[in-house]
Structure formats: structure tokens, C-alpha cells
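# Examining the three-dimensional arrangement
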Amino acid sequence: MEYWIELNSCYKSFLTAWENCYFFHAAHSKPDFLTDDMIKKARAFVTEKCYYQDPVLALKQVASAAGIALPHDDLEAIVFIMHERGTRWLKEQLDDSLSSHLKPADLHDDIVIAKCRVRDALIELQVSEDKAVNVAGMWCNQFQAVELQGRMIGHWSTSACPWLYDKQRDTIKEKGVVDFFNKANSWVDKVITQEQGMSVLSKLHNRIWLHTGNALIRPKTGANMTTQFGPGCHKPDAVLMDDTRPIDSIEWTDIISALEIKYRNTKSLMEEATNYMLEIGRLILTNQLNRRYFVGLLLLGADLFVCIYTHGGLSITTAIDIYRDTNDFLNCIAWFKHADLEFLGYDKSITRDDRGFKMALRGEAESAH
């Protein structure tokens, strides 16, 4: 784990590589039905249903039709380069306060450049020039839809997920993102039940993300509202719940996780989102006596981060791009819905009922209000 940034003298933050986040990669931290093979099948499902435009599959199909057999790793390498170039260019456009909605002429020029880049990459892999030109042309022509809004290659259909690169906060899009997270979970659940049968339903949780950007989440009923830290009322963009109760009745004691959304990934917005979620984490840890740590999400543009808050520090993963790292995204969002509460930071020896919290100690329940 690499030291990242010190927020103050007593609360430190660390940066963790996504692939080192054991929540998503350790077998014991995931439900037995949430396997890598199941996630691959979920990706195939969303591609088949056109929820996701899969550039690797499209390139493989075009190459095969031209009689070119390339290893999957080579295909992914080409797609990765094209995606990175497009993402970097889009972010530069936003930073320069230029329109992210390109004119048809701009899109045409971009496709010409893209064809050249793909052609050159294929030639480097010992593909003949005429076949390389043919494959590059056929592949790039599949991505001329205006919906792409520029140089992006892999993307979720805007009918499934709002366009994630923009210049300002948009509450309607925030709601669309929350709805997309729930749709993604429903797609994964559908594949799981198709593969493992209806008997697996008893293992699936009904957790749901709720948009709360316009509602104040309040501290536990009866909390001291004059504390030096303030009343503890905030508006996280979304919260993960076990049920769909009215938004205005939600307290910090009810929340499993939270999501903060920013319209793009910049240093200032990252700092703002991190500090805001730090406060959300503090409120959850102080209101939930049965919480050892809190796991939340930050979505900046298309970059998704996982944050782990403890009583002594904070760890944030490196980002995945949910337009490109589809498997990682589906695995992550399904983990939040179905992971055992212990891995989401709960102390399962402490239970909660209408009267408050209870702790099991030597076989006896002790009240912990």
C-alpha cells in the first residue's frame, strides 16, 4: 500500500491499486456465486442486449471475417490504446471549456485518424497492409454514432447509462447514473439465476441504490443536535439500502454504503469528493455502533474509486474506467449488492432492533443504545 495524502495531522489517506483491493479479488470476500466466469457471462449478456458496445468483440468479428486470427491480448491492446487516446482527448476538451458535442466534420476527421492508428497497429502485428486497411475501416465505421460524442470507443449505450463526460453537475443525470447502477445489478442477477437456477434466489440480496442528492440524511433519532460537529445532516448523491423506504425517513444508522458523483475527474473535484465522503464516513461510523469500517464509492466522470474509511484512516483505490473496465465494474457493483455485511464493515456480533443496538457477550445480549 502506497502513502497518498495526509488530510490532517491525525487522519491519513492511502492509495491502493484496484487489483490489490481484496474485496473484489479474494475468494473468501465474495459470495460463492459471484465468480469471474459469472462476470464474463454478465458482460456477454449486456453486450448481446446492446447495453454495452464492446469494441474488442467488434474488432474480433471484423478481423475473423477478413481471415485474420489475432490473440485476444493483441486485440485488447489495440482497443486499450484507442480508448486511452479518446478519453484523454475528451478530458482535455472539457478542461479547455470547449464543447464535448462534436460537429459531424469533427467526428469524420477523428474516424480517419482512428482508422490510420488501427491500421498501423495491425501492420505491426504482421497483418498485410490491404487486410489491415480493410479491418480498420470496417471496425471504425461501427463507432461513428453521434452517441459516442467523439473519440471514445468502448461505451455503455446512453439508453442504459447517461453520458458521463460533461462540464457541470446535472441532477437528472445523477438520477440516471443511480438507475444504471441498479440496472447493472439486475443484469448480473439475471445471469446468475440463468446459470445456477432459481435455488440461488435465497442467496441474493435485495439491496438497492437510492438517489438522495436532494434529501437530507439525518442522524439517529435522539442524537445531540448541538454537538460541536454540527447536526450531521448531509446530502450524499446516493445511498445503498436494504429497502426502498421514503427518502425523508432515512437515518445514518440505515445506510449500508454511499456514492458521491462528480461530472469529471480533476484534482479539485477529487479533493472535494474525498473530503465530503470523509464526513459521510465519520457520520456513518459514529451513528452505527455495529460498524468497524465503511466502504463507499466515488464516481468522477467515468472513473470509479472505492473508499474504505476506518476509525483511524482512509484508503482509496486507483480508478477503473467503467466505459472500458466493464468486468471490473460489474464485479464491483454486484459485490456491493451481495457481499456479506461483515465485509462491508459490520460487526455481526452487534445487532439492531427497534430499541437500539444489542451485543452478544458470553451468550448474553447486552443493550448498547
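Look a little higher up for the structure.
This text gives an overview of the structure that appears in the document.

What counts, and at which threshold
- Within each chain, residue numbers correspond to sequence positions counted from 1 in written order.
- For a predicted model such as this one, the threshold for reporting local features is a pLDDT of at least 70, and the threshold for listing and counting side-chain atom pairs is 80 or more; totals across whole chains, interfaces and linings nevertheless cover every residue.
- For side-chain calculations, the full set of non-hydrogen atoms in the structure is used, while hydrogens and water are omitted.
- Secondary structure counts use DSSP, requiring at least four H or I residues in a row for a helix and at least two E residues in a row for a strand, with both numbered from the N terminus.
- Identification of polar contacts relies on pairs of N or O atoms within 3.5 Å, with a donor-acceptor requirement for protein atoms, meaning one able to donate a hydrogen and the other able to accept it, and with residues adjacent in sequence counted only if both atoms are side-chain atoms.
- What a helix is expected to span follows from its residue count: subtract one and scale by 1.5 Å.
- Only protein chains enter the area calculation, which uses a 1.4 Å probe; residues under 20% of their type maximum are buried, those over 50% are exposed, and those in between are partly exposed.
- Working definition: a ring pair exists when centres of Phe, Tyr or Trp rings (six-membered ring for Trp) sit within 6.5 Å. Plane angles under 30 degrees give stacked, over 60 give edge-to-face, the rest tilted.
- Strands are treated as partners if at least two bridges between them are detected by DSSP.
- Place the viewer so that the strands point away; then a crossover is right-handed whenever the path from the first strand over the helix to the second strand goes clockwise.
- Cavity means a closed set of points on a 1 Å grid over the protein atoms alone, one where a 1.4 Å probe fits but cannot get out, pocket means an open set with protein on both sides within 12 Å along at least 5 of 7 lines, and lining means a residue has an atom within 4 Å of a point.
- Grid points are joined across faces, edges and corners, and a volume is the space filled by probe spheres set on the points.
- Should any heavy atoms of two residues lie within 4.5 Å, those residues are counted as being in contact.
- Note on definitions: angles span 0 to 180 degrees between N-to-C directions of axes, and those axes are lines fitted to C-alpha atoms, for helices only across the stretch in contact.
- Convention used here: angles under 35 degrees read as roughly parallel, angles over 145 as roughly antiparallel, angles from 65 to 115 as roughly perpendicular, and any remaining angle as oblique.
- Each crossing is labelled by how the near helix is turned from the far one, with a counterclockwise turn of less than a right angle marking it left-handed and a clockwise turn marking it right-handed.
- We call Asp, Glu, Lys and Arg charged. Ala, Val, Leu, Ile, Met, Phe, Trp, Tyr, Cys and Pro are nonpolar, and the rest, Gly among them, are polar.

### Considerations on the side chain of Gln 288
The residue Gln 288 is located in the loop between α8 (267-287) and β8 (294-300) in this model. In this structure the side chain of Gln 288 is engaged in a polar contact, spanning 2.8 Å, whose partner is the backbone oxygen of Ile 255. At a separation of 2.7 Å, a polar atom in the side chain of Gln 288 contacts the side chain of Arg 291.

### Quick word on helix α6 (residues 129-141)
With 13 residues, α6 extends 18 Å between its outermost C-alpha atoms, agreeing within 8% with the 18 Å of an ideal straight helix rising 1.5 Å per residue. Those residues of α6 not exposed but buried are Ala 132, Val 135, Ala 136, Gly 137, Trp 139 and Cys 140.

### Notes on the packing of aromatic side chains
Tallied over the full model, the rule gives 21 aromatic pairs. Summarising the aromatic geometry, the rings of Trp 156 and Phe 180 are spaced 5.0 Å apart at their centres and angled 65 degrees between planes, so their arrangement reads as edge-to-face. Taken together, the residues span a long stretch of sequence, with Trp 156 in strand β4 (residues 155-156) and Phe 180 in helix α7 (residues 171-196) at a distance of 24 residues. Phe 180 carries the same exposure label as Trp 156, and that label is buried.

### Section: the pairing of strand β7 (residues 257-262)
Most of β7 sits inside the fold, with six of its six residues counted as buried. Judged by which residues are buried, β7 turns out to be covered on both faces: Ser 257, Leu 259 and Ile 261 on one side and Ala 258, Glu 260 and Lys 262 on the other are all buried. Bridge analysis of strand β6 (residues 238-241) against β7 gives three bridges, and the strand direction is antiparallel. Bridging from a neighbouring strand, Ala 238 pairs with Leu 259 of β7. Pairing of β7 with β8 involves four bridges; the strand directions are parallel. Looking across to β8, one finds that Lys 262 is bridged to Leu 300. Assessed by its sense of winding, the connection that carries the chain from β7 through α8 to β8 is right-handed.

### A look at the layout of surface pockets
Taken as a whole, the largest pocket spans an internal volume of roughly 620 Å³. The wall of the largest pocket is formed by 23 residues, among which Arg 43, Val 56, His 72, Glu 76 and Asn 327 lie closest to the centre. Secondary structure elements with two or more residues in the lining of the largest pocket: α2 (36-48), α3 (55-65), α4 (72-95) and α9 (326-338). Of the residues forming the lining of the largest pocket, the biggest block, six residues, is contributed by α4.

### Focus on the environment of Asn 185
For Asn 185, the location among the structural elements is in helix α7. Of the residues examined, Asn 185 reaches a relative accessible area of 2% and is grouped as buried. Taking the C-alpha atoms as reference, Asn 185 lies 8.9 Å from Ile 208; in sequence the two are 23 residues apart. Setting aside residues no more than four positions away along its own chain, Asn 185 makes contact with Trp 209, Ile 333, Ala 334 and Lys 337.

### A closer look at the packing of α2 against α9
It is at 9 Å that the axes of α2 and α9 come closest, and there the two elements cross at 115 degrees. By the angle between their directions, the pair α2 and α9 is classed as roughly perpendicular. Between α2 and α9 lies a crossing whose hand is right-handed. The residues of α9 that touch α2, namely those facing Ile 39, Lys 40, Ala 42 and Arg 43, are Thr 326, Asn 327, Leu 330 and Asn 331. When its residues are assigned to classes, the contact of α2 with α9 shows three nonpolar, three polar and two charged.

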